[in-house]
Amino acid sequence: MDEEFSLNDPTQLIESATDFAHHPGVQNDAATKDFLDHFPLPVIISALQTKADVPGLEEALVACLERVFKTKYGASLIPQYMPFVQVGLKADSQIVRCLACKTVSSFLENIDDRSISAVQLIIDYDMHPLLLDCLIYGNEKVATAAIDAIKKLAQFPEAMGIVFPSNINEVTHLGNLASRCSSLGRVRVLSLIVKLFSISSSVASVVYNSNLLTLLEAEIRNSNDTLGTLSALELLYELTEIQHGTEFLSRTTLQLLHSIISNSSMESILRSRAMMISGRLLSKENIYMFVDEPSVKGVISAINVRLGLLNSEDTEECEAALEALGQIGSSFQGAMLLLASFPPAARHIVHAAFDRQGRGKQLAALHALGNVAGENRPEDSVILNGDAEESLRLLIYEVASESSKLTPSGIFLSVLQQAAEFRLAGYTVVRGLVARLWCLMEICSKPEIINIVTDPTVETTKIGMETRYNCCKAIHRAFMSSKLVGDPALSGIAGKLQEAVQRGPYLARKYTEATPVVMTAERF
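Here's what I pulled together on the structure shown here.

Rules behind the numbers
Residues numbered from 1 in each chain as written. Predicted model: local features only at pLDDT ≥ 70, side-chain atom pairs only at ≥ 80, totals over all residues. Heavy atoms only, no water. Helix = DSSP H or I, 4+ residues; strand = E, 2+ residues; numbered from the N terminus. Rg over C-alpha atoms; globule rule 2.2 N^0.38 Å. Buried < 20%, exposed > 50% of the residue type's maximum accessible area, 1.4 Å probe, protein only. Contact = heavy atoms within 4.5 Å. Lys, Arg positive; Asp, Glu negative; His and termini not counted. Charge placed at Lys NZ, Arg CZ, Asp CG, Glu CD. Arc of directions from axis to C-beta. Core = buried A, V, L, I, M, F, W, Y, C linked by side-chain atoms within 4.5 Å. Axes fitted to C-alpha atoms, helices over the stretch in contact; angles between N-to-C directions. Parallel < 35°, antiparallel > 145°, perpendicular 65-115°, else oblique. Nonpolar A, V, L, I, M, F, W, Y, C, P; charged D, E, K, R; others polar.

1. Observations concerning the overall build of the protein
Of the regular secondary structure elements, the protein holds 31 helices and zero strands. A compact globule built from 524 residues would reach a C-alpha radius of gyration of about 24 Å, whereas the protein, at 31 Å, exceeds it by more than 25%. With respect to the principal axes defined by its C-alpha atoms, the protein has extents near 95 × 80 × 45 Å. By the burial criterion, 53% of the 524 residues in the protein qualify as buried. Look at the contacts in the protein between residues 6 or more apart in sequence, and 70% of them connect residues 24 or more apart. A distance of 8 Å separates the average location of the 45 positive side-chain charges in the protein from that of its 60 negative side-chain charges.

2. Some thoughts on helix α16 (residues 213–221)
Those residues of α16 that sit buried are Leu-213, Leu-216, Glu-217, Glu-219 and Ile-220. Seen end-on, α16 carries its buried residues on one side only, within an arc spanning 160°.

3. What to know about the nonpolar core
What tends to happen in soluble globular proteins is that the nonpolar side chains get buried as a cluster. By size, the foremost hydrophobic cluster in this structure holds 183 residues, and its most contacted members are Ile-303 and Phe-354. Ignoring anything within four residues of it in the chain, the contact list for Ile-303 reads Ile-261, Met-275, Ala-321, Ala-324, Leu-325 and Ile-328.

4. Some points on the packing of helix α10 (residues 127–137) against helix α14 (residues 183–197)
Relative orientation of the contacting elements α10 and α14 amounts to 125°, with a least axis distance of 8 Å. By the angle between their directions, the pair α10 and α14 is classed as oblique. Residues Leu-132, Leu-135, Ile-136 and Tyr-137 of α10 form the contact with α14, whose participating residues are Gly-185, Arg-188, Val-189 and Leu-192. Looking at side-chain class alone, the contact of α10 with α14 contains six nonpolar, one polar and one charged residues.

Printed below as a string of structure tokens:
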């Protein structure tokens, strides 16, 4: 197609670009090549530069080019048009800047021409500083696209010196950059640091050794900006979810979280988030290889104190505290620490789990108790050591004796008779606790409990049916491996459990067959 014709009358270009951009499914290389044969890239780029004021043109061409460069064929053309990508990174238009960032990502992701050095091209066109400008000054979509492009750049070993310059006075040094930014800009830099940290253990080590994680801690400590602190805490939560991140989140991180949780003058939402991050971090078994026990106990104690202050309240902070303790208790070591202290921190969980005064508080506590009991732990890690097990048993019996039900079986049944969400949480508690002989005996002493867990019609949702069935299987497994299996008085329970396990979670009736229906025909 003649370029002059395209620029003078962009209507056909807009229509074709729109069709290409909104074509359902993934565009393949053949379709991309066919489109570019009709509308060469120089024509599209020229129109984007000179006809941006034409209604709908910029949006159509940007959407079209984004899909072009996502294909292998389109990405292979990018090195020829690096000057235009460079101009795009400086553009006033936010959607053009976003396109330029995404184009860099597509180039780095799809480069397979060994004669071209991707990193050298980035250096030659000075793109890394431009991407950082997009990160700081672009809108949210531009910033997100810039982070993705820099993250892909950092995956090239030869780009380490660019992304992480050794000179802290370098303008592109992330620490230097953060010090010159607004609050929003700092949060974006911190978000980039977290994304870079997530790439691999080796890159995480570079981030750590560059002291970039201290920027995150400094932002969290900044008590003058609640919103900035909350954003930084969200990023720290993201860090705790990274598989290889545990070894780098050192004792100082726990000390920082401890200081927030124990600070009564802090906003409640900040304390709650700090508790959740602590729970997430301490739920990992390998964390105890990198932090000392006093630091962990300090965090547990701080949460414990807050729960004591919030004892009569059903607040979001209280629920967050219970959930955090449950997360900690999901690991073997964490459960031991919750039960070994005096008085045991787990007492708050057990008391709240069977207290109907606060719905949200009770539900959080039930899930937490299931974690401490080991319902999510490997089978060989469910049972704790003798002192911890005795502490757990005494807590359950203590709460039961103070209730109107008097026995553990009574309070278990009470939960299983509540609304569906509580019943499901109750199943997880029983599934974890029933591995203990004392709990198994309590369960078997209440036929009503056996009736509920073996009845396939009790639950009507898929997750409800599966949770009930898993609870039933756990009771059956514990029963068959215990000394109770030889008790003639319990043979009926054994048969009922066996039948329910064989039936599976979904079958609502023992036998189903087609039944003819006879009815009077309707006449009109």
